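Structural description and commentary
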Amino acid sequence: MNKERLRETIAKRVAMELKDGDMVNLGIGMPTLVANYVPEDIDVTFQSENGFLGLGLAPTDPESFDPDLVNAGGLPASIRIGGAFFDSTQSFAIIRGGHLDITVLGAMQVDEKGNLANWMIPKKMVAGMGGAMDLVVGAKKVIIAMEHTAKGNPKILKECQLPLTAVNQVDLIVTEMAVIEVTDEGLVLKELGPEATVQEVIDATEAKLLIPEDVPRMKL
Amino acid sequence: MKKVITLEEAANLVKDGMSIMVGGFMGCGSPHSIIRTLEEKKTRNLTIICNDTSRVDYGIGKLVAAKQVSKVITSHIGTNRETGRQMNEEGLEVELVPQGTLAERIRCAGAGLGGFLTPTGVGTVVEEGKEKMTINGQDFLLELPLSADVALLSGAKVDTKGNVYYEKATRNFNPVMAMAAKTVIVEAREIVEPGEIDPNHVVTPAIFVDYIVKGENFHE
């Protein structure tokens with residue numbers, strides 16, 4: 001699967017998790033693409049942790065770029081009718097206080113216990129956690145949107161090796177190969193990607209997967 | 001009217017070695033004129049408290065790139081390659097704080113509180129050296145207040161008493177930082193007479209603001 005199709009597959013599948021009325025925060029990178037695939041018949045509000053609700057799509061005309069209106073990645077953004085601006089303490093009261101229905105983030109590693117690592121690789125890359133630690137602790141549902149492997153190496157592990165972002169907070173993992181639910185019993189393979197077989201998913205996953213009798217394909 | 005000062009006077013209030021809070025999120029809502037003046041004056045050995053270190057050529061990131069900073073307390077450094085490089089090679093001290101925790105620590109300092117309990121960071125490196133408390137069965141970290149010598153902020157309209165009105169996503173950390181520093185300086189895009197800002201629209205009341213300075217460049 002080429003990169004573009006892969007990203008589209010993941011974003012489309014994550015978008016199917018959104019329900020009418022949901023308040024949602026999308027992380028930087030691939031999670032941002034989810035906004036492009038929200039079903040037209042539902043109303044979803046996106047939060048931008050730099051301080052507003054009602055995040056809209058990026059302006060297409062560069063002339064209309066307003067430096068006072070950027071998303072959490074510092075990129076041009078827009079605000080939808082009915083949106084609201086607020087300061088960082090209120091933004092994180094929304095986030096930490098359990099007022100968001102869903103947060104969608106990327107990850108470097110996820111494990112069987114729903115632990116997540118996505119903010120640093122010791123001695124290599126230190127980005128900082130930004131708002132991620134608050135988001136995964138506070139949102140009602142945490143969805144990880146990521147490629148199934150990194151350069152062929154599994155990212156869904158028995159136990160995260162990198163410094164954690166949070167413990168036991170991940171609810172659902174969506175990759176180009178699979179939808180995997182984190183349960184008290186372990187990781188359950190719920191759906192297969194457009195081109196993957198059960199065996200391929202098992203081979204690309206270090207963690208133990210619980211495999212139901214019937215694993216349907218994603219209905220994209 | 002004594003509150004209105006020049007950019008030069010504002011920069012002179014920041015001395016070598018001071019801790020400064022700087023409003024803004026990826027440079028959006030930062031006091032760009034004051035930052036430029038500090039860059040020209042080569043004020044150094046600063047401790048910067050800011051959401052992120054922006055980019056090497058924008059906002060507070062420029063002071064990092066110019067090596068005027070000895071310590072940063074921030075949630076994210078990944079967009080400024082100089083922050084990471086100086087941390088690894090030149091001993092720049094970096095304290096990474098989850099974004100919501102950063103905002104709330106600042107709020108505690110401004111609100112006269114001794115600290116607060118947050119679930120963010122439990123089970124991660126963030127908990128190192130901190131007191132962990134269990135309240136009603138849930139684990140929390142005790143986080144302590146964070147104050148500074150000077151806060152450098154930015155507002156769209158500021159009246160000569162110091163009441164501040166913000167535009168769009170520029171609000172972010174500005175209102176909370178206004179409460180937490182010994183000296184608070186707001187860079188105004190426009191300085192207006194008292195009464196020209198509807199009291200209903202004041203976000204930061206004048207009581208928190210010591211000085212006002214007219215900005216010259218807003219997005220460089």
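Residues numbered from 1 in each chain as written. Chains lettered and ligands numbered in written order. Predicted model: local features only at pLDDT ≥ 70, side-chain atom pairs only at ≥ 80, totals over all residues.

**With respect to the overall build of chain B**
Scanning chain B from terminus to terminus reveals six helices and twelve strands. Computed over its C-alpha atoms, the radius of gyration of chain B comes to 17 Å, within 12% of the 17 Å expected for a compact globule of 220 residues. Dimensions of chain B, computed from the C-alpha atoms along their principal axes, are close to 55 × 45 × 25 Å. Within chain B, buried positions represent 53% of all 220 residues. Across chain B, every contact between residues at least 6 apart in sequence was considered, and the portion connecting residues at least 24 apart equals 73%. (Helix = DSSP H or I, 4+ residues; strand = E, 2+ residues; numbered from the N terminus. Rg over C-alpha atoms; globule rule 2.2 N^0.38 Å. Buried ≥ 20, exposed ≤ 12 C-beta atoms within 10 Å, placed from the backbone. Contact = placed C-beta atoms within 7 Å.)

**Topic: the overall build of chain A**
If you tally the helices and strands in chain A, you get four helices and 17 strands. Rg of the C-alpha trace for chain A: 17 Å, near the compact-globule value of 17 Å for 220 residues, within the 12% margin. Dimensions along the principal axes, computed over C-alpha positions, put chain A at roughly 50 × 40 × 30 Å. Here chain A, with 220 residues, has 44% of them falling under the buried criterion.

**Some thoughts on helix α2 (residues 32-41) of chain B**
Among the residues of α2 of chain B, His32, Ser33, Ile34, Ile35, Thr37 and Leu38 of chain B are the ones counted as buried. Phi turns positive one or two residues past the end of α2 of chain B, at Lys42 of chain B, with a value near 60 degrees.

**Quick notes on the interface of chain A and chain B**
On the chain B side, the residues contacting the 31 residues of chain A number 37 residues. Of all elements in the fold, only α2 (88-96) and α3 (132-138) of chain A reach the threshold of two or more residues within the side of chain A that touches chain B. No other element matches the five residues that α2 of chain A contributes to the side of chain A that touches chain B. Among the residues forming the side of chain A that touches chain B, the class breakdown is 17 nonpolar, nine polar and five charged. (Nonpolar A, V, L, I, M, F, W, Y, C, P; charged D, E, K, R; others polar.)

**Quick word on the sheet that holds strand β4 (residues 78-85) of chain A**
Residue and element names in this part refer to chain A. Read from one edge of the open sheet, ten strands run β4-β3-β2-β1-β5-β10-β14-β15-β16-β17, paired in mixed fashion. Each of the sheet's edge strands pairs with one partner strand only, and the pair in question is β4 and β17 (209-210). Sheet topology note: the strand β2 (residues 45-48)/strand β3 (residues 52-56) ladder contains two bridges and is antiparallel. Looking at β3, one finds that Gln47 is bridged to Leu53. (Pairing = 2+ DSSP bridges.)

**Observations regarding the packing of α2 of chain A against helix α5 (residues 99-111) of chain B**
Axis separation between α2 of chain A and α5 of chain B bottoms out at 9 Å; the angle between their running directions is 130 degrees. With respect to α5 of chain B, the axis of α2 of chain A lies oblique. Regarding α2 of chain A and α5 of chain B, the two cross each other, and that crossing is left-handed. The residues of α5 of chain B that touch α2 of chain A, namely those facing Ser88, Thr89, Phe92, Ile95 and Arg96 of chain A, are Gln99, Gly100, Ala103, Glu104 and Arg107 of chain B. Tallied by class, residues from the contact of α2 of chain A with α5 of chain B come to three nonpolar, four polar and three charged. (Axes fitted to C-alpha atoms, helices over the stretch in contact; angles between N-to-C directions. Parallel < 35°, antiparallel > 145°, perpendicular 65-115°, else oblique. Left-handed = near helix turned anticlockwise from the far one by under 90°.)

**Looking at the nonpolar core**
Of all hydrophobic cores here, the largest spans 119 residues; its most connected members are Ile144 of chain A together with Ala151 of chain B. Tallying contributions element by element places strand β9 (residues 148-159) of chain B first for this core, with six residues. Contacts of Ala151 of chain B, omitting those with residues within four sequence positions, involve Met21, Met177, Ala178, Ala180, Ala181, Val184 and Ile185 of chain B. (Core = buried A, V, L, I, M, F, W, Y, C linked by C-beta atoms within 7 Å.)

**Details of the environment of Ile10 of chain A**
All names here are of chain A. With respect to the helices and strands, the residue Ile10 is situated in helix α1 (residues 3-15). With 28 C-beta atoms counted inside 10 Å, the residue Ile10 sits in the buried group. For the pair Ile10 and Glu147, spaced 137 residues apart in sequence, the C-alpha to C-alpha distance is 8.1 Å.

**Brief notes about the sheet that holds strand β6 (residues 109-111) of chain A**
All names here are of chain A. Within the open sheet, the three strands sit side by side as β7-β6-β13. Their pairing is mixed. Looking along the sheet, the strands with just one partner apiece sit at the ends: β7 (116-117) and β13 (156-157). Pairing analysis gives two bridges linking β6 to β7, with the strands arranged antiparallel. Considered in β7, the bridge of Val110 is made with Leu116.

**Brief notes about the environment of Leu141 of chain B**
All names here are of chain B. Position of Leu141 relative to the elements: it lies in strand β8 (residues 138-143). The class for Leu141 is buried, based on 22 C-beta atoms found within 10 Å. When the C-alpha atoms of Leu141 and Glu128 are compared, they prove to be 9.7 Å apart, with 13 residues separating the residues in sequence.

**Let's talk about unusual backbone geometry**
Residue and element names in this part refer to chain B. Although it is not a glycine, Met26 adopts a positive phi angle of roughly 55 degrees. Along the chain, the position of Met26 falls in the loop between β2 (19-22) and α2. In this structure Met26 comes out as buried when scored by C-beta crowding, with 26 C-beta atoms within 10 Å. Notably, Asn172 is not glycine yet its phi reads approximately 25 degrees, a positive angle.

**Digging into α1 of chain A**
Residues and elements named next belong to chain A. In this model, α1 (13 residues) spans 18 Å end to end at C-alpha, consistent with the 18 Å of a helix rising 1.5 Å per residue. Taken as a whole, α1 has its buried residues at Thr9, Ile10, Ala11, Arg13, Val14 and Ala15. Check the buried side of α1 and you find it contacts β5 (102-105), β10 (141-145), β14 (172-174) and β15 (178-183). (Expected span 1.5 Å × (residues − 1).)

**A few points about the pairing of β2 of chain A**
Residues and elements named next belong to chain A. Bridge analysis of strand β1 (residues 23-26) against β2 gives three bridges, and the strand direction is parallel. Pairing of Asn25 across the sheet is with Gln47, part of β2. What sits between the antiparallel neighbours β2 and β3 is a turn of three residues, in which Gly51 has the positive phi angle 135 degrees.

**Comments concerning the confidence of the model for chain B**
Residues with a pLDDT of 70 or more make up 98% of chain B, whose mean pLDDT is 96. Here the prediction assigns the complex a pTM of 0.97, and the interface score ipTM is 0.96. (pLDDT = per-residue confidence, 0-100.)

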